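So the chains spell out like this:
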Amino acid sequence: MPTTRSTRHADSMPGAIYNQLQAILQRDPEADRIALKWSEPLQPEVQSRGIGARDVRLIWCPSELAIREVLVTHRGPEKLVILSPFDQSQLGKDVLARLWKNEPQRISPWRTLEQLAHVQTIDPRLTRHQGRWMAEALLDGFDRFQGHIVFGEVLDLETAWQALAWGYLDYTAPSLELPSLFRWSLQENAARRIAALPENVCEHLGEWLRPALPRTGSLIENLLREGHAHHLLAVGLACSVMYAPELEASGHLEAQSIYSGRGRFIERYLNGYKVGSDVLAEFGKGALETTRSLLREQGQKAISQSLSQAEQILASLDFMPVVGLSPVLPGGLMQRLSTLAQALEEGCEKRRVDTAELAWQNLRTHWLTHETQRHDQMQRAEMALRLLRWLVQGTPSLTGTAHQMLSHYVSDGSFVDWARTQLWAGEDHEALARVYATLSELATQRREQQNRDFGRHLRAIARGDTLAESLVPVEQALDQVVKPIVAAKKPVLLIVMDGMNEAVYRELQEDLVAYGWIETSEKAEAPPRCLVSALPSATEFSRCSLLSGSLSRGSATQEKQAFAGHTALRQLLSTRFPPLLLHKQDIQQPGSGGLAASARAQIAGTEYKVVGVVINAIDDQLSSSSQVVVKWSLQSIPMLRQVLEAAREGGRAVIVTSDHGHVLDHHSQYAQTQEDTHNGERYREEGAIPSELEVEVSGPRVLTASQRAVIPWSEKLRYTKGRNHGYHGGGSLQEAVIPLGIYISASDPDRISGWTELPRRFPNWWAADSSASTIVEERPQAGMSPSRPASKKKKKAVSDDRVPDLFAGDTPPDSSAPSVEQDATHEMEETHPDSWIEALLASPIYQQSLQRAGRSAVSAEQMRQLLELLEQGKGTVMETQIAQHLAIPRIRLRGFLSSAQKLLNLDGYPLLKTDRESRTVMLDKASLKVQFEL
């Protein structure tokens, strides 16, 4: 036998030999004297190697004599492995008798794979059609997918490809689907994995893609081969714009530019590979669906790079003018914001709102508007649209009685000021910032006119002339508001939000409802109610009057004494536990902003039936000049939240009110007064004759020393040199009107006897008018020109003069394109858009659903209104719109929608769906018609 050299070199053993030995030793750990048929000599000819936990000695034997010598001299402990070019027919029987299994083992990759994967058999499609390449590729990557892939008894083609995808591409999804492939492409190593594919796997990549993705498989294969693995989602998003069905009809790109751009895309990204436009459109649709799922699951950060890459692709191909067609690209959002700004500007000039409504609806369909970071911007945009509606539809001036003007401000004007406050916070988008300034100025002009008209009634308010029952002078609040609740044996918490005006109250009311507080009233159809401030509308006058139950001027100490000694309340209470008033120092835990334990115990306890709490958060913010915009909520006023929770625990009715309102500083003017006169921020006791922005008042409800004062009716005047966030003391509607709301907890079983739940009421311009929202039936196009609102009129049939797509492959006609008959049917449906609703409500299937539901929480009228609203919104509507349109308290809305789903979702089909993240309700109208046989 020739001299041989032994080595333990790790890379000198062919992988096929290693895999075969690994499979043999897994099946028979005691196997020894293993002969393998191998035609090529080993280099070096003798090697020692570890196979798993066992050591083997491999020896190349070029002759039968060499085999005999090795068998005689082998002593262990290593397992002997003989490699030779001989099969069973070429060796003597005495040699065969000493070998494992009595024959040399042929190294078949499929046989080896069968042993390694512990399968009973191999799918004939693999051995017959795939050849050795797949087996060798599976063996080479076995360590990477081992333990992750379950082969079962038969190794089939689908499982083989799943193993290859896992081992070579790190594609771990259980099946090949377009969404999973898009998600895979977002991995950092996706491009490297494709580049590192073995040549034999890369050649057959299409055999993995095309069967599972018959429409888009070839396209994806081409993109992967061209090096776009890490841009797969971005390319898809770009295709969703370049091949959007409404692209040509949008009119923002010439047909020649569209086809030229598509051609350059195919040359750059597909190397000229011809593919049908319908395939690219389907690819884009799949990218959008995946993007939407990722956005909901992980937020914008997960897709931000793909969004940026998609816009770069579109920009390089000159498609950015139509990026507004995309419901997810940031550039599309910017275009839609610009369109809204243009529509709002046009609305201000022409006093029309329909174009702005369309622009707002189009903006809301953009997915990024539902992201948390866009919430404030969207709220400002909606408030701007509401202001435009008010300017177009609202009453320019109301010159009625004091009662009429005060009531109108509560039910209408307070919402206007809420919207104005939102716009004053500023805007990042330049065009919107400009139009917001215009809207604010127009709204301010009207507010000034209304305040001027109200100024004529200030003298009557100062005299104490009788007002309507719903308008309670602040000094009578304890008698007229608190006392009846106490008399009904319900413990009360009176919360005085110092300085809160009606606009802030409207904002806080959103959270009160969300946190489970229900507004209640003695009457089912109660008129707008409020308190009316003493004059001047300052804390030392109006708060002391509120808490003492009589017109008076005093400090916190005097308020506490007067509150505890209120005669009418004390007659209804135990002498041991008179009315208890807690000021800032009483409720705040020292060293923190939390509710003090003693105050919590008093509010949550049952001893004190009447507790008053003064919270100064709003007044403190007004006196500040910091550049901070506060969004008023139970989160931004944690003390209020904690006090409310203590009241809930104590089963108390909660009265939310204030001592006076305020005006915000927005281009206010400093009015210099005589130095020796006593002045407040917005009142003066003596001095010059009132200017055209002021009014002089006198009477018992004017609590200055002389019972006379000069106060501005205008919100633009102040008597303090330094600027603050806001001021009070004047006679504007914002200051004189004091919010008033009476609430009980939704979880409180002990309601106030004889009282009823009060649904939230909004002005008619707060939500889109149903007639306005149905002006245009066609789908609004992204980036549409506001000066060209769409028309309901049906266009005459015209010949198709569009330039053919020279770069598209042969594509069959689109069978989904509407025919003339379909157009006629669609036109007929538009003529009577609500006919299907009536048919539904009258259908036998719906009546059976009603019977199964028993006592349904949804009346026929409510269902009709809900379906009409969904019809107007093209099958999608926000939960807040439903609550407003149907006058349902938000706390009851979830139950209402659940009941509606029980009636409509037959056999579990999700015809009516709710998306809790975006707070959107969706109706599948087509499926509903099928299910109800309409």
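Quick caveat: nothing in here was measured; it's all calculated off a predicted structure.

Attention now moves to the overall build of the protein chain. Summing up its helical and strand segments, the protein chain has 41 helices and 27 strands in all. Within the protein chain, contacts between residues separated by at least 24 positions form 74% of all contacts whose residues are at least 6 apart in sequence. Working note: accessible area of the protein chain is about 42,000 Å², and carbon and sulfur atoms make up 49% of it.

Let's shift gears to the confidence of the model for the protein chain. Confidence in the prediction for the protein chain averages 85 pLDDT; 90% of positions are at 70 or higher. The low-confidence segment residues 1-11 (pLDDT under 50) makes 23 contacts with residues lying over four places distant or belonging to another chain. Contacts of residues 770-832 to residues separated by more than four positions or lying in other chains number 72 contacts, the stretch itself having pLDDT below 50.

Right, let's get into the pattern of salt bridges. All told, the structure shown has 40 salt bridges when counted by the stated rule. Where E221 meets R225, a salt bridge forms, and the shortest distance between an N and an O atom there is 2.9 Å. Of this pair, E221 and R225 both sit in helix α12 (residues 217-225), separated by 4 residues, roughly a single helical turn. Exposure remark for R225: the relative accessible area of 38% places this residue in the partly exposed category. Between K925 and E871 there is a salt bridge, with the nearest N and O atoms lying 3.2 Å from each other. With K925 in helix α41 (residues 925-931) and E871 in helix α38 (residues 860-872), this pair connects stretches of sequence that are 54 residues apart. Of the residues examined, K925 reaches a relative accessible area of 24% and is grouped as partly exposed.

In terms of strand pairing, strand β3 (residues 46-51) meets strand β4 (residues 54-60) through 6 bridges, oriented antiparallel. Bridging from a neighbouring strand, I51 pairs with R54 of β4. Between β3 and β4, which pair antiparallel and follow one another directly, the connecting turn spans 2 residues, one of which, G52, has a positive phi of 65°. Taken together, the 5 bridges between β4 and strand β5 (residues 79-84) define a ladder with parallel strand orientation.

So, about the environment of L911. Mapped onto the fold, L911 is located in the loop between α40 (890-904) and β26 (912-915). Residues L911 and D924, 13 residues apart in the sequence, show an inter-C-alpha distance of 5.0 Å. Excluding anything up to four places from it in sequence, L911 contacts L904, N905, M922, L923, D924, S927, L928, Q931 and F932.

Attention now moves to the sheet that holds strand β12 (residues 530-532). Spatially, β9-β12-β22 is the arrangement adopted by the 3 strands of the open sheet, whose pairing is mixed. With partners counted over all chains shown, the strands left at the sheet margins are β9 (471-473) and β22 (737-738), one partner each. As judged from the 2 bridges shared by β12 and β22, these two strands associate in the antiparallel manner. Its bridge partner being in β22, L531 is matched across the sheet by I738.

The 3 strands lie next to each other as β25-β27-β26, forming an open sheet whose pairing is antiparallel. Looking at strand neighbours, the two that pair on one side only are β25 (876-878) and β26, the edges of this open sheet. Neighbour-to-neighbour, the strand axes of this sheet turn through a mean angle of 20°, independent of strand direction. In terms of strand pairing, β25 meets strand β27 (residues 920-923) through 3 bridges, oriented antiparallel. From the neighbouring strand, T876 faces β27, where its bridge partner is M922.

Let us look at the environment of V150. Mapped onto the elements of the fold, V150 is located in the loop between α6 (142-145) and β8 (154-155). With relative accessibility at 74%, the residue V150 sits in the exposed group. In this structure, the C-alpha to C-alpha distance between V150 and A163, residues 13 residues apart in sequence, is 9.2 Å.

The subject of this paragraph is unusual backbone geometry. With an omega dihedral of -5°, the bond running from Q43 to P44 counts as a cis peptide bond. For P44, the position within the fold is in the loop between β2 (34-37) and β3. With an omega of -10°, the peptide bond running from L535 to P536 counts as cis. Structurally, P536 can be placed in the loop between β12 and α26 (539-548). A positive phi angle, close to 60°, is found at N102, a residue other than glycine. Tracing the sequence through the fold places N102 in the loop between α3 (93-98) and β6 (105-106). Owing to a relative accessible area of 43%, N102 belongs among the partly exposed residues under this scheme. Positive phi values are uncommon outside glycine, yet R351 reaches one of about 55°. With respect to the secondary-structure elements, R351 resides in the loop between α18 (330-350) and α19 (354-364).

A word on the side chain of H728. Within the secondary structure layout, H728 lies in the loop between β21 (726-727) and α33 (733-736). Taking the relative accessible area as the measure of exposure, H728 reaches 12% and is therefore buried. Only 3.1 Å separates the side chain of H728 from the side chain of D619, close enough to count as a polar contact. If we skip the residues at most four places from it in the chain, H728 touches S537, A538, T539, D619, H660, G661, H662, E681, R682 and E735.

Conventions and cut-offs
- Along each chain, residues carry numbers from 1 onward, in the same order as the chain's sequence is written.
- Where totals are concerned, whole chains, interfaces and linings use all residues; where local detail is concerned, this predicted model gives features only for residues with pLDDT of at least 70, and gives and counts side-chain atom pairs only at 80 or more.
- For side-chain calculations, the full set of non-hydrogen atoms in the structure is used, while hydrogens and water are omitted.
- Counting from the N terminus, the helices are the DSSP runs of H or I reaching at least four residues and the strands are the DSSP runs of E reaching at least two.
- Throughout, a residue-residue contact means that at least one pair of heavy atoms, one from each residue, lies within 4.5 Å.
- Note on areas: these come from Shrake-Rupley sampling with a 1.4 Å probe, and a residue is covered only by the protein chains present in the view.
- pLDDT expresses, on a scale from 0 to 100, how confident the predictor is about each individual residue.
- Salt bridges are defined by distance alone: a side-chain nitrogen of Lys or Arg within 4 Å of a carboxyl oxygen of Asp or Glu.
- Type-normalised accessible area, obtained with a 1.4 Å probe on protein chains alone, sets the label of each residue: buried when under 20%, exposed when over 50%, and partly exposed for intermediate values.
- By this definition, two strands are paired if DSSP reports at least two bridges between them.
- Interaxial angles span 0 to 180 degrees and are taken between N-to-C directions of axes, which are lines fitted to C-alpha atoms, for helices over the stretch in contact.
- A 3.5 Å cut-off defines polar contacts: any pair of N or O atoms within that distance qualifies, except that in protein one atom must be a possible hydrogen donor and the other a possible acceptor, and neighbouring residues in sequence count only when both atoms are side-chain atoms.

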